[in-house]
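# Structure at a glance
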Amino acid sequence: MLLESLQRHHQGLLGCAASSSQVTAWRDEYRTMSGALAECITTYEDATAWSVVFEFELPFEGGRRPDVVVLAGETIAVLEFKGDIALPVAYFDQVKAYARDLADYHAASHDKLVVPILVSTASETRAHIDHEVNVERPDTLAGRLLDVAEGGRISLAPWLAADYAPLPTLVDAARRIFANAPLPHVRRALSARVPETVDLVARLIAEARETGCRRLVLLTGVPGAGKTLVGLRVVYEKSGLGADATFLSGNGPLVKVLQDALSSRVFVRDLHKFILDYGLSDRVPTQHV
């Protein structure tokens, strides 16, 4: 049943069938998790209320998925399974990034302890902590889950449905960076009536909020006229106090350049990933601009 569900999800997400190696990996992960959780339950009765999620899609990440997430009481354990004897730094960076993105951008995970765990199925691996990541074997996984679990319970359905919501500290930092960072290749467009255009768009947004209507604003101009700057300034400066607006572009390299220049992904996102999150599901974006 689980394998069938994972295969359908994989087909719907990526448009192709899961490989035989992927199906085998899911089967092995399920076997490992079943044994670890059974061991946890014999030691800690409250573990019967834990939830386990396979292949959870991180918000706004275009299909990036940790192998398994365990909602262990009030703790969120993020598990990535690897079969290599040698564990390269990239594996540690991968699971840490999953944990960080949940803690920083997933609304239902903000106030929780999020723990990255790298599960090595190679028998030669010893349990230890490296690069701030817990490294476990299948036979030591239960002990680690029990160690990090906290009392209480995270309700599964609301956690799964929670929105992309950057931490307020990240939103504030993004605004400060935009206000102070040198962006000469973008800011040179001031001569093209950019400030007046930004103010006009801001007024249209305010009017739409007051009247409860929707507006489509089409901005045209020759290359270099400042269209990108107008969009960025509206999102960073004029859209309210929260992260209720986002700058979307289907130009992947542009998105990467802007995210790097601004040292933030809070307000600049890839349009294709946005569509994967919202256009192909019943979910409604929290952003209004």
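Just above sits the structure.
Please read all numbers here as calculations on a predicted model, not as lab measurements.

### Description of the packing of helix α8 (residues 194-211) against helix α9 (residues 227-237)
- Look at α8 against α9: their axes get within 9 Å of each other, and the N-to-C directions meet at 45 degrees. Between α8 and α9, the angle is such that the two are oblique. You can see that α8 and α9 cross each other, and the crossing is right-handed. Packed against α8, whose contacting residues are Val-194, Pro-195, Thr-197, Val-198, Val-201 and Ile-205, the element α9 presents Leu-229, Val-230, Arg-233 and Val-234 at the interface.

### Some details on the pattern of salt bridges
- Throughout the structure, instances matching the rule amount to 16 salt bridges.
- Two residues, Glu-80 and Lys-82, come together in a salt bridge whose shortest N-O distance is 3.8 Å.
- Look at Glu-80 and you get buried, because its relative accessible area is 4%.
- Taking the shortest distance from any N to any O, the salt bridge between Arg-233 and Glu-237 comes out at 3.1 Å. Of this pair, Arg-233 and Glu-237 both sit in helix α9, 4 residues apart, which is roughly one turn of the helix.

### Topic: helix α1 (residues 2-14)
- Between its first and last C-alpha, α1 extends 18 Å over 13 residues, near the 18 Å set by a 1.5 Å rise per residue.
- Residues of α1 that are buried include every one of Leu-6, His-10 and Leu-13, and no others. Across the axial projection of α1, the buried residues extend over an arc of 75 degrees, all falling on one side. Of the residues in α1, the exposed ones pointing more than 90 degrees away from the buried face are Arg-8 and Gly-12.
- Where α1 terminates, the next one or two residues include Gly-15, which has phi positive at roughly 75 degrees.

### Some points on the packing of aromatic side chains
- Within the structure shown, the criterion is met by 9 aromatic pairs.
- Measuring from ring centre to ring centre gives 5.8 Å for Phe-60 and Tyr-278, while their planes differ by 85 degrees; the resulting arrangement is edge-to-face. Here Phe-60, found in the loop between β1 (51-54) and β2 (68-72), pairs with Tyr-278, found in helix α11 (residues 271-279); they are 218 residues apart in sequence, far enough to count as distant.
- Centroid distance Phe-178 to Tyr-236: 4.4 Å. Interplanar angle 15 degrees. Geometry classified as stacked. A residue pair is termed long-range when its members are at least 10 positions apart, and Phe-178 in helix α6 (residues 168-180) and Tyr-236 in helix α9 qualify at 58 residues.
- According to the relative accessible area criterion, Tyr-236 is buried, its value standing at 3%.
- Among the aromatic residues, ring-to-ring pairing joins Phe-60, Tyr-105, Tyr-164, Phe-274 and Tyr-278 into one connected group.

### Notes on the nonpolar core
- In terms of nonpolar packing, the biggest core is built from 26 residues, with Leu-232, Tyr-236, Phe-267 and Val-268 touching the most fellow members.
- In terms of residues, this core owes the most to one element, α9, which gives 6 residues.
- Val-23, Ala-47, Val-115 and Val-148 belong to the second largest nonpolar core, which has 25 residues in total.

### Re the pairing of strand β3 (residues 75-82)
- By the criterion of burial, β3 is predominantly enclosed, with 8 of the 8 residues buried.
- Burial along β3 is two-sided: Thr-75, Ala-77, Leu-79 and Phe-81 and Ile-76, Val-78, Glu-80 and Lys-82, pointing in opposite directions, are all buried.
- Pairing between β2 and β3: 5 bridges, direction antiparallel. In the sheet register, Val-70 faces β3, and the bridge partner there is Ala-77.
- Hairpin connection of β2 to β3: 2 residues between the antiparallel strands, including Gly-73 at a positive phi of 65 degrees.

### Side note on the environment of His-131
- On the secondary structure map, His-131 appears in the loop between β5 (128-130) and β6 (133-136).
- His-131 sits 87 residues away from Leu-218 along the chain, and the two C-alpha atoms are 47 Å apart.
- Not counting the four nearest positions on each side in its chain, His-131 is found in contact with Val-89, Phe-92 and Lys-96.
- At 3.0 Å, the side chain of His-131 and the side chain of Asp-130 are in polar contact.

Scoring rules and cut-offs
- Residues numbered from 1 in each chain as written.
- Predicted model: local features only at pLDDT ≥ 70, side-chain atom pairs only at ≥ 80, totals over all residues.
- Heavy atoms only, no water.
- Axes fitted to C-alpha atoms, helices over the stretch in contact; angles between N-to-C directions.
- Helix = DSSP H or I, 4+ residues; strand = E, 2+ residues; numbered from the N terminus.
- Parallel < 35°, antiparallel > 145°, perpendicular 65-115°, else oblique.
- Left-handed = near helix turned anticlockwise from the far one by under 90°.
- Contact = heavy atoms within 4.5 Å.
- Salt bridge = Lys/Arg side-chain N within 4 Å of Asp/Glu carboxyl O.
- Buried < 20%, exposed > 50% of the residue type's maximum accessible area, 1.4 Å probe, protein only.
- Expected span 1.5 Å × (residues − 1).
- Arc of directions from axis to C-beta.
- Phe/Tyr/Trp six-rings, centres within 6.5 Å; stacked < 30°, edge-to-face > 60°.
- Core = buried A, V, L, I, M, F, W, Y, C linked by side-chain atoms within 4.5 Å.
- Pairing = 2+ DSSP bridges.
- Polar contact = N/O pair within 3.5 Å; in protein donor to acceptor, adjacent residues only side chain to side chain.

Honestly, it's all geometry; don't read function into it.
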